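So the chains spell out like this:
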Amino acid sequence: MRVIIRNDAASACISAARIIAALVKRKPTAVLGLATGGTPVVCYQELIRLHQQESLDFSQVTTFNLDEYLGLPREHSESFYSFMHRHFFDYINIDLSRVNLPDGLAADLPNACDQYEQKIVAAGGIDLQLLGIGSNGHIGFNEPGSSLASRTRVKTLCTETIRDNARFFGSEAAVPKRSITMGVGTILDARSCLLLVTGANKAATIRSAIEGPITSQNTATALQMHPAVTAILDEAAASWLGRRDYYLQSESGMSNPDHWQA
Ligand code: PGA
């Protein structure tokens, strides 16, 4: 895994945006896997800036979001559909027919999950999957105990996740209890993954994810089995890493960000 440590959260987000932008420039038809949450907002802001000021072109890009709350209509302000429009899609030239999120109101959920998987395959697979990490180590809504081979499915949210996301809903009681999420196996099928983690509250979790044993109790640990993962952390999130100095040494003098060591 490539581990990049930046001074602060904004620099980490900007570095992530630059990696995404470089892919879109190199491959205008790129398929991006996208994430929601507090962490990637500044990354999306930088991508919007690159679109508006440097003509970064999203017109042929296809996107698949990781997850969506079950039972929330798209129009709900906290649906991930609304989030993505509010923070990203409304400000770039993406073709909305190429934008995909799981449908939290699907009548036939198993079928909707299968269709989502099939749509990813039909699009040629995900070139780059942007990921955050939950305080319990989840990627997407793959809560502790999720199969590391799981595919898109309904997943019940853990107490920690409901508590963490209560800030968006005003109360824990208002947070939906279930989600549709890409599985860990779906995420591992992406050709590359970009894990963006900021803040001291994530330091212990990301240490386990990067340096701990692979376990379904922290589903981000499964990324250790993927050959092309870049983790971008700010100093606060990196503060518990046992091999922090090694990661800094590995990155020093790396002028070409595409040439990296898994
Ligand atoms: P956060 O969420 O960015 O709001 O901390 C991350 C996640 O749950 O994946």
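What you see is a predicted model; the values in this text were computed from it and never measured.

### So, the packing of aromatic side chains
In the structure shown here, the tally under the stated rule is 9 aromatic pairs. Taking the centre distance of 5.6 Å and the plane angle of 45° together, the rings of Tyr69 and Phe141 count as tilted. On the criterion of sequence distance, the pair formed by Tyr69 in strand S4 (residues 67-69) and Phe141 in the loop between strand S6 (128-131) and strand S7 (153-156) is long-range, its members being 72 residues apart. The same class applies to Tyr69 as to Phe141, namely buried. An aromatic cluster is defined as three or more aromatic residues linked by ring pairs; in this entry it consists of Tyr44, Phe58, Phe88 and Phe89.

### Side note on the environment of Ile5
Considering the arrangement of structural elements, one finds Ile5 in strand S1 (residues 2-6). Linking Ile5 and Arg18, residues 13 residues apart in sequence, is a C-alpha distance of 15 Å. With residues up to four places along the chain from it excluded, the contact list for Ile5 reads Leu233, Asp234, Glu235, Ala238, Leu241, Arg244, Tyr247 and Leu248.

### Brief notes about the pattern of salt bridges
This structure, assessed with the given rule, holds 11 salt bridges. Ionic pairing is found between Arg18 and Glu46, a salt bridge with its closest N-O pair at 3.3 Å. One end of the pair, Arg18, is in helix H1 (residues 9-26); the other, Glu46, is in helix H2 (residues 41-54), and 28 residues separate them in sequence. Residue Arg18 is classed as partly exposed on the basis of its relative accessible area, which comes to 46%. Relative accessible area serves as the criterion here: at 7%, Glu46 is assigned to the buried category. Across the salt bridge formed by Glu235 and Arg244, the nearest N and O atoms sit 3.1 Å from each other. Residues joined by salt bridges that share partners form a network here, namely Arg18, Glu46, Arg49 and Glu54.

### Observations concerning the site of the ligand
By nearness alone, every residue bordering the ligand is listed as Gly37, Gly38, Thr39, Gly132, Ile133, Gly134, His138, Arg167 and Lys202. Between the ligand and Gly38 there is a distance of 2.8 Å, counted from an oxygen atom to a backbone nitrogen or oxygen. Calculation on the ligand without its partners gives an accessible area of 280 Å², and the protein chains cover 83% of this total. The cavity that encloses the ligand is the largest pocket. Partitioning the shell around the ligand into residue classes produces 1 nonpolar, 6 polar and 2 charged.

### Points about the pairing of strand S10 (residues 229-234)
Burial within S10 is extensive, with 6 of its 6 residues counted as buried. Where S1 and S10 come together, 5 bridges link them in parallel fashion. Bridge pairing in S10 places Ile5 opposite Leu233. Bridge count between strand S9 (residues 193-197) and S10: 5 bridges; the pairing is parallel. From the neighbouring strand, Leu194 faces S10, where its bridge partner is Thr230.

What counts as what
- Residues numbered from 1 in each chain as written.
- Predicted model: local features only at pLDDT ≥ 70, side-chain atom pairs only at ≥ 80, totals over all residues.
- Heavy atoms only, no water.
- Phe/Tyr/Trp six-rings, centres within 6.5 Å; stacked < 30°, edge-to-face > 60°.
- Helix = DSSP H or I, 4+ residues; strand = E, 2+ residues; numbered from the N terminus.
- Buried < 20%, exposed > 50% of the residue type's maximum accessible area, 1.4 Å probe, protein only.
- Contact = heavy atoms within 4.5 Å.
- Salt bridge = Lys/Arg side-chain N within 4 Å of Asp/Glu carboxyl O.
- Near = heavy atom within 4 Å.
- Polar contact = N/O pair within 3.5 Å; in protein donor to acceptor, adjacent residues only side chain to side chain.
- Areas by Shrake-Rupley, 256 points an atom, 1.4 Å probe, with all protein chains shown as cover.
- 1 Å grid on protein atoms, 1.4 Å probe; cavity = no way out; pocket = protein on both sides within 12 Å on 5 of 7 lines; lining within 4 Å.
- Sits in = over half its atoms within 2 Å of the grid points.
- Nonpolar A, V, L, I, M, F, W, Y, C, P; charged D, E, K, R; others polar.
- Pairing = 2+ DSSP bridges.

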